[in-house]
Amino acid sequence: MKILFLNGPNLNLLGQRETDVYGETTLAEIEKLVRQRAAKLNAEVDFKQSNSEGELVTWIQGARGTFDAIVINAAGYTHTSVALRDAIAAVGVPAIEVHLSNIHAREKFRHRSLLAPVCRGQIAGFGAYSYVLGLEAAVNVKAP
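A short tour of the structure in this document, coming up. (Residues numbered from 1 in each chain as written. Predicted model: local features only at pLDDT ≥ 70, side-chain atom pairs only at ≥ 80, totals over all residues. Heavy atoms only, no water.)

Regarding the side chain of Asn7
Here comes step 1: Counting through the fold element by element, Asn7 comes out in strand S1 (residues 2-7).
Here comes step 2: Of note is the side chain of Asn7, whose polar atom sits 2.6 Å from the side chain of Tyr131.
Here comes step 3: Leave out the neighbours within four places in its chain, and Asn7 touches Leu27, Phe47, Lys48, Gln49, Ser50, Leu56, Asn73 and Tyr131. (Helix = DSSP H or I, 4+ residues; strand = E, 2+ residues; numbered from the N terminus. Polar contact = N/O pair within 3.5 Å; in protein donor to acceptor, adjacent residues only side chain to side chain. Contact = heavy atoms within 4.5 Å.)

Quick look at the structure:
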(Lines give C-alpha, C1' and ligand atoms only; values in the text may rest on other atoms or scores of the structure.)
Protein backbone atom coordinates (compact mmCIF):
# COMPACT_ATOMS: atom_id res chain seq x y z
CA MET A 1 0.00 0.00 0.00
CA LYS A 2 1.26 3.49 -0.93
CA ILE A 3 0.17 6.48 1.10
CA LEU A 4 0.84 10.13 0.27
CA PHE A 5 1.27 12.46 3.25
CA LEU A 6 0.70 16.11 2.36
CA ASN A 7 1.55 18.98 4.68
CA GLY A 8 0.45 22.54 4.12
CA PRO A 9 1.73 26.00 4.99
CA ASN A 10 3.93 26.65 8.00
CA LEU A 11 4.23 22.98 8.94
CA ASN A 12 7.90 23.25 7.98
CA LEU A 13 8.17 25.40 11.14
CA LEU A 14 6.90 22.72 13.54
CA GLY A 15 8.98 22.52 16.69
CA GLN A 16 9.69 26.27 16.56
CA ARG A 17 6.27 27.85 16.03
CA GLU A 18 3.58 28.12 18.71
CA THR A 19 4.90 25.12 20.61
CA ASP A 20 2.16 25.56 23.20
CA VAL A 21 -0.35 24.67 20.45
CA TYR A 22 1.59 22.41 18.06
CA GLY A 23 4.23 20.89 20.35
CA GLU A 24 7.98 20.69 20.01
CA THR A 25 8.11 17.81 17.54
CA THR A 26 9.41 18.78 14.10
CA LEU A 27 7.88 17.65 10.82
CA ALA A 28 11.00 15.52 10.20
CA GLU A 29 10.44 13.78 13.55
CA ILE A 30 6.77 13.18 12.70
CA GLU A 31 7.81 11.72 9.36
CA LYS A 32 10.22 9.37 11.17
CA LEU A 33 7.43 8.18 13.50
CA VAL A 34 5.14 7.56 10.54
CA ARG A 35 7.82 5.70 8.58
CA GLN A 36 8.56 3.46 11.58
CA ARG A 37 4.88 2.53 11.93
CA ALA A 38 4.45 2.19 8.15
CA ALA A 39 7.27 -0.38 8.01
CA LYS A 40 5.40 -2.50 10.57
CA LEU A 41 2.22 -2.19 8.51
CA ASN A 42 4.03 -3.02 5.26
CA ALA A 43 3.04 0.36 3.83
CA GLU A 44 5.10 2.76 1.74
CA VAL A 45 4.80 6.47 2.47
CA ASP A 46 5.79 9.61 0.62
CA PHE A 47 5.99 12.79 2.71
CA LYS A 48 5.69 16.25 1.14
CA GLN A 49 5.30 19.79 2.48
CA SER A 50 4.52 23.01 0.66
CA ASN A 51 3.49 26.53 1.55
CA SER A 52 1.91 26.76 -1.92
CA GLU A 53 -1.73 25.86 -2.46
CA GLY A 54 -1.14 25.17 -6.16
CA GLU A 55 1.66 22.71 -5.45
CA LEU A 56 -0.55 20.83 -2.99
CA VAL A 57 -3.31 20.65 -5.65
CA THR A 58 -0.81 19.30 -8.18
CA TRP A 59 0.33 16.59 -5.77
CA ILE A 60 -3.27 15.59 -5.03
CA GLN A 61 -4.03 15.34 -8.74
CA GLY A 62 -0.91 13.22 -9.25
CA ALA A 63 -2.01 10.75 -6.57
CA ARG A 64 -4.58 9.03 -8.79
CA GLY A 65 -3.20 5.69 -9.95
CA THR A 66 -0.04 6.11 -7.85
CA PHE A 67 -1.25 6.16 -4.25
CA ASP A 68 -3.88 4.14 -2.41
CA ALA A 69 -4.68 6.92 0.07
CA ILE A 70 -3.81 10.50 1.00
CA VAL A 71 -3.26 11.76 4.54
CA ILE A 72 -3.45 15.55 4.52
CA ASN A 73 -2.78 18.27 7.04
CA ALA A 74 -3.69 21.28 4.96
CA ALA A 75 -2.99 23.57 7.93
CA GLY A 76 -4.51 27.04 7.32
CA TYR A 77 -5.79 25.96 3.90
CA THR A 78 -8.18 23.57 5.70
CA HIS A 79 -10.50 26.48 6.37
CA THR A 80 -10.13 28.40 3.12
CA SER A 81 -9.22 26.24 0.15
CA VAL A 82 -11.97 25.30 -2.25
CA ALA A 83 -9.18 24.30 -4.67
CA LEU A 84 -7.86 21.59 -2.30
CA ARG A 85 -11.39 20.42 -1.57
CA ASP A 86 -12.19 20.13 -5.28
CA ALA A 87 -8.92 18.31 -6.03
CA ILE A 88 -9.59 15.72 -3.32
CA ALA A 89 -13.14 15.23 -4.62
CA ALA A 90 -11.93 14.91 -8.21
CA VAL A 91 -9.21 12.28 -7.86
CA GLY A 92 -11.18 9.54 -6.13
CA VAL A 93 -8.29 8.61 -3.82
CA PRO A 94 -9.47 8.13 -0.22
CA ALA A 95 -8.24 11.02 1.94
CA ILE A 96 -7.82 11.32 5.69
CA GLU A 97 -7.63 14.82 7.20
CA VAL A 98 -5.27 15.20 10.16
CA HIS A 99 -4.48 18.03 12.56
CA LEU A 100 -2.04 18.25 15.44
CA SER A 101 -4.36 20.42 17.53
CA ASN A 102 -8.07 20.02 18.14
CA ILE A 103 -9.34 22.54 15.59
CA HIS A 104 -12.82 22.42 17.18
CA ALA A 105 -11.46 23.67 20.52
CA ARG A 106 -9.65 26.64 18.98
CA GLU A 107 -10.69 29.92 17.38
CA LYS A 108 -14.12 29.85 15.76
CA PHE A 109 -12.72 30.35 12.24
CA ARG A 110 -10.83 27.04 12.62
CA HIS A 111 -13.96 25.02 13.43
CA ARG A 112 -15.01 24.68 9.79
CA SER A 113 -13.07 22.45 7.44
CA LEU A 114 -13.75 22.75 3.73
CA LEU A 115 -11.95 19.42 3.25
CA ALA A 116 -13.89 17.29 5.75
CA PRO A 117 -16.93 16.70 3.52
CA VAL A 118 -14.73 15.08 0.83
CA CYS A 119 -12.45 13.16 3.20
CA ARG A 120 -13.17 9.74 4.69
CA GLY A 121 -12.57 11.10 8.17
CA GLN A 122 -10.79 13.63 10.34
CA ILE A 123 -8.29 13.07 13.14
CA ALA A 124 -7.46 16.06 15.33
CA GLY A 125 -5.97 16.90 18.68
CA PHE A 126 -3.46 14.10 19.26
CA GLY A 127 -0.31 16.04 18.43
CA ALA A 128 2.25 14.13 16.38
CA TYR A 129 0.29 10.94 17.02
CA SER A 130 -2.52 12.31 14.81
CA TYR A 131 -0.27 11.39 11.88
CA VAL A 132 0.21 7.81 13.10
CA LEU A 133 -3.55 7.51 13.54
CA GLY A 134 -3.96 8.93 10.03
CA LEU A 135 -1.63 6.23 8.73
CA GLU A 136 -3.63 3.53 10.52
CA ALA A 137 -6.85 4.90 9.03
CA ALA A 138 -5.34 5.10 5.54
CA VAL A 139 -4.11 1.50 5.67
CA ASN A 140 -7.60 0.35 6.58
CA VAL A 141 -9.68 2.53 4.23
CA LYS A 142 -11.12 1.09 1.06
CA ALA A 143 -11.34 2.97 -2.21
CA PRO A 144 -14.87 4.00 -3.20
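Following the structure, the description resumes.
Here we look at the sheet that holds strand S3 (residues 69-73)
Here comes step 1: If you walk across this open sheet you meet the 5 strands as S2-S1-S3-S4-S5, and the pairing is parallel. Each edge of the sheet is formed by a strand with only one pairing partner; in this case those strands are strand S2 (44-49) and strand S5 (121-124). Going across the sheet, the axis of each strand differs from the next one's by a mean of 20°, ignoring polarity.
Here comes step 2: Sheet strands touched by helix H5 (residues 129-140): S1, S2, S3, strand S4 (95-99) and S5. Its angle to S4, the strand with the most contacts, is close to 170°. (Pairing = 2+ DSSP bridges. Axes fitted to C-alpha atoms, helices over the stretch in contact; angles between N-to-C directions.)

A closer look at the nonpolar core
Looking at soluble globular proteins, one finds that nonpolar side chains tend to be buried together.
Here comes step 1: One finds Ile3, Phe5, Ile30, Val34 and Tyr131 to be the most contacted residues of the largest nonpolar core, which totals 23 residues.
Here comes step 2: Within the residue set of this core, elements represented by two or more residues are S1, helix H2 (27-40), S2, S3, S4 and H5.
Here comes step 3: A total of 4 residues in this core trace back to one element, the largest contributor, which is H2.
Here comes step 4: In terms of nonpolar packing, the next biggest core, distinct from the first, is built from 21 residues, Leu56, Ile60, Ile70 and Ala87 among them. (Core = buried A, V, L, I, M, F, W, Y, C linked by side-chain atoms within 4.5 Å. Buried < 20%, exposed > 50% of the residue type's maximum accessible area, 1.4 Å probe, protein only.)

Remarks on the packing of helix H3 (residues 53-63) against helix H4 (residues 82-91)
Here comes step 1: It is at 9 Å that the axes of H3 and H4 come closest, and there the two elements cross at 5°. Viewed along their axes, H3 and H4 adopt a mutual orientation that is roughly parallel. Of the residues in H4, those touching H3 at Glu53, Leu56, Val57, Ile60 and Gln61 are Ala83, Leu84, Ala87, Ile88 and Val91.
Here comes step 2: For the contact of H3 with H4, the per-class residue count stands at 8 nonpolar, 1 polar and 1 charged. (Parallel < 35°, antiparallel > 145°, perpendicular 65-115°, else oblique. Nonpolar A, V, L, I, M, F, W, Y, C, P; charged D, E, K, R; others polar.)

Quick look at the pairing of S3
Here comes step 1: In terms of burial, S3 is largely enclosed, as 5 of its 5 residues are buried.
Here comes step 2: Note: S1 against S3, 5 bridges, orientation parallel. Counterpart to Ile3 in the pairing with S3 is Ala69.
Here comes step 3: Running through H4, the crossover from S3 to the neighbouring parallel element S4 is right-handed. (Right-handed = clockwise from strand over helix to strand, strands pointing away.)

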